[in-house]
Amino acid sequence: MLFYSYFKTLVGKEVTVELKNDLAITGTLHSVDQYLNIKLNNIRVVNEQKYPHMLSVRACFVRGSVVRFILLPPGSVDVELLHDATRREARGG
Amino acid sequence: MADSGQQQAPSSAKTPADFLKSIKGKPVIVKLNSGVDYRGVLACLDGYMNIAMEQTEEYVNGQLKNKYGDCFIRGNNVLYISTVRS
Amino acid sequence: MATEEDNTVREPLDLIRLSLDEKVYVKLKGERELRGKLHAYDQHLNMILGDVEETVTMVEIDEETFEEIIKTNKRMVPYLFVRGDGVILVSPPLRS
């Protein structure tokens with residue numbers, strides 16, 4: 001639940017999601033669920049030349065399991081908060 | 001205690017769990033699905049076959065590629081764990 | 001009762017727990033490697049790393065000589081969430 005809770009705090013912020021097929025999408029995080037499926041709005045593909053078929057797509061749903069990385073906005077990472085939450089989770093589960 | 005009172009099983013009847021219990025602290029080779037081998041001392045492991053090892057050497061195609069003081073291997077990558085004479 | 005900062009390794013994830021706020025090396029599927037500070041993780045090995053250097057290794061075969069040409073791409077990322085299912089290996093920094 002740690003990362004689900006964390007990503008809920010990022011709703012409304014801009015993130016870049018890199019998928020396992022190397023497609024990278026930047027967009028505003030609209031919502032996230034317990035599987036870390038995510039919905040992005042106002043998206044743009046990082047490498048548009050390579051993926052021109054995505055040009056007309058404005059919003060997308062990404063299944064959590066196809067995500068490789070998510071690049072986080074530096075201002076939205078509270079390191080101390082994450083440490084505490086991680087230690088709590090390590091004890092509990 | 002679960003172990004007390006239990007008869008010593010003959011070695012031929014050892015279960016996989018018994019084997020895993022018996023090799024903690026021993027030198028092992030862990031082979032991953034990718035074919036990469038890790039040689040080192042088994043510190044501990046869990047039900048997912050996640051593994052903690054010490055003094056680990058990474059072999060790719062039989063060639064030493066890396067050394068790690070401690071390392072954690074995610075269980076889903078594990079093909080087998082084998083004991084080795086030190 | 002164990003103390004809160006228990007330094008013993010009873011299960012493999014304890015090794016990761018002891019690496020919190022330390023620089024770690026992460027080997028991923030697809031010939032990818034990360035080096036960065038571990039800020040958060042869970043039991044799936046989902047992680048948040050900070051000041052991350054990602055290295056991607058590609059092997060190309062020269063069509064004339066059949067020689068292997070190894071290319072590495074590196075990039076820096078301030079903060080990176082890593083999905084656990086891509087993780088092969090995590091190693092803490094060498095402790096003296």
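Each residue is numbered by its place in its chain's sequence as written, counting from 1. Both sets of labels track the order of writing: A upward for chains, 1 upward for ligands. Restriction of local features to residues with pLDDT of at least 70 applies here, the model being predicted, together with a cutoff of 80 or more for giving and counting side-chain atom pairs; totals for whole chains, interfaces and linings are based on all residues. Water and hydrogen atoms were dropped before computing side-chain values, which therefore reflect all heavy atoms in the structure.

With that out of the way, let us pick up unusual backbone geometry. Positioned with a positive phi, L36 of chain A is a non-glycine residue whose angle comes to about 65°. Under the DSSP-based scheme used, a helix requires at least four consecutive residues in state H or I and a strand at least two consecutive residues in state E, with every element numbered from the N terminus. Relative to the helices and strands, L36 of chain A resides in the loop between β2 (24–32) and β3 (38–45). Partly exposed describes any residue whose relative accessible area lies between the buried limit of under 20% and the exposed limit of over 50%, with all areas from a 1.4 Å probe on protein chains only and scaled to the type maximum. We classify L36 of chain A as buried; its relative accessible area is 9%. Look at L45 of chain C: it is not a glycine, yet its phi comes out positive at around 75°. For L45 of chain C, the position within the fold is in the loop between β2 (32–41) and β3 (47–61). Using a relative accessible area of 0% as the deciding quantity, one classes L45 of chain C as buried.

Glancing now at a nonpolar patch on the surface. Residues and elements named next belong to chain C. Residues with no salt bridge and a relative accessible area higher than 30% make up the patches, which join like charges within 9 Å and nonpolar side chains (Val, Leu, Ile, Met, Phe, Trp, Tyr) within 5 Å. For every accessible area listed, the method is Shrake-Rupley and the probe measures 1.4 Å; residues are considered covered only by the protein chains on display. The term salt bridge refers to a side-chain nitrogen of Lys or Arg lying within 4 Å of a carboxyl oxygen of Asp or Glu. On the surface, V59, I61, F66 and I70 cluster together into a nonpolar patch covering about 450 Å² of accessible area. Its location among the elements puts I61 in strand β3. On the basis of relative accessibility, which here comes to 48%, the residue I61 falls in the partly exposed class.

The next subject is the nonpolar core. Among buried residues, those of type Ala, Val, Leu, Ile, Met, Phe, Trp, Tyr and Cys that are joined through side-chain atoms within 4.5 Å constitute a nonpolar core. Counting residues in hydrophobic clusters, the biggest one holds 32 residues, and the most contacted among them are F7, I70 and L72 of chain A. Those elements that place two or more of their residues in this core are α1 (2–9), β1 (14–19), β2, β3, β4 (60–62), β5 (67–71) and α2 (79–92) of chain A together with β4 (68–82) of chain C. A per-element tally of this core places α1 of chain A first, with five residues. Discounting chain neighbours no more than four positions away, the residues touching L72 of chain A are Y6, F7, L10 and V77 of chain A together with I48, Y79, L80 and F81 of chain C. Within the second largest apolar cluster, 23 residues are counted, among which are L13, L15, V24 and V77 of chain C. Should any heavy atoms of two residues lie within 4.5 Å, those residues are counted as being in contact.

Bringing the UniProt feature "domain: Sm" (unreviewed entry) in chain A into the picture now. UniProt positions are given in the numbering used here, feature names are shortened, and annotations may be inferred rather than shown by experiment. UniProt records the feature "domain: Sm" (unreviewed entry) for residues 2–76 of chain A in the present numbering. Between the end C-alpha atoms of residues 2–76 of chain A the distance is 15 Å, and the span holds 11% helix and 41% strand.

Listed per partner, the contact involves 22 residues of chain C and 19 residues of chain B. By buried area we mean the combined loss of accessible area, with a 1.4 Å probe, across both parts when two parts are placed together. Buried surface at the junction of chain C and chain B, summed over both partners, amounts to about 1600 Å²; 61% is from carbon and sulfur atoms. For the chain C face of the interface with chain B, the top three residues by lost area are P12, I88 and L89 of chain C, together amounting to 35%. If you look at where chain C meets chain B, you find one salt bridge. Think of a polar contact as two N or O atoms within 3.5 Å of one another; within protein, one of them needs to be a possible hydrogen donor and the other a possible acceptor, and neighboring residues in sequence only count if both atoms come from side chains. Taken together, the links from chain C to chain B amount to six residue pairs in polar contact (both at pLDDT 80 or more). Secondary structure elements with two or more residues in the side of chain C that touches chain B: α1 (12–17), β1 (23–28) and β5 (87–91) of chain C. When the residues that make up the side of chain C that touches chain B are grouped by side-chain class, the tally is 13 nonpolar, three polar and six charged. When DSSP locates at least two bridges between a pair of strands, those strands are taken to pair. In terms of strand pairing, strand β4 (residues 63–73) of chain B meets β5 of chain C through two bridges, oriented antiparallel. Within the sheet, the bridge partner assigned to F72 of chain B lies in β5 of chain C and is V90 of chain C. Note on residue classes: Ala, Val, Leu, Ile, Met, Phe, Trp, Tyr, Cys and Pro are nonpolar, Asp, Glu, Lys and Arg are charged, and everything else, Gly too, is polar.

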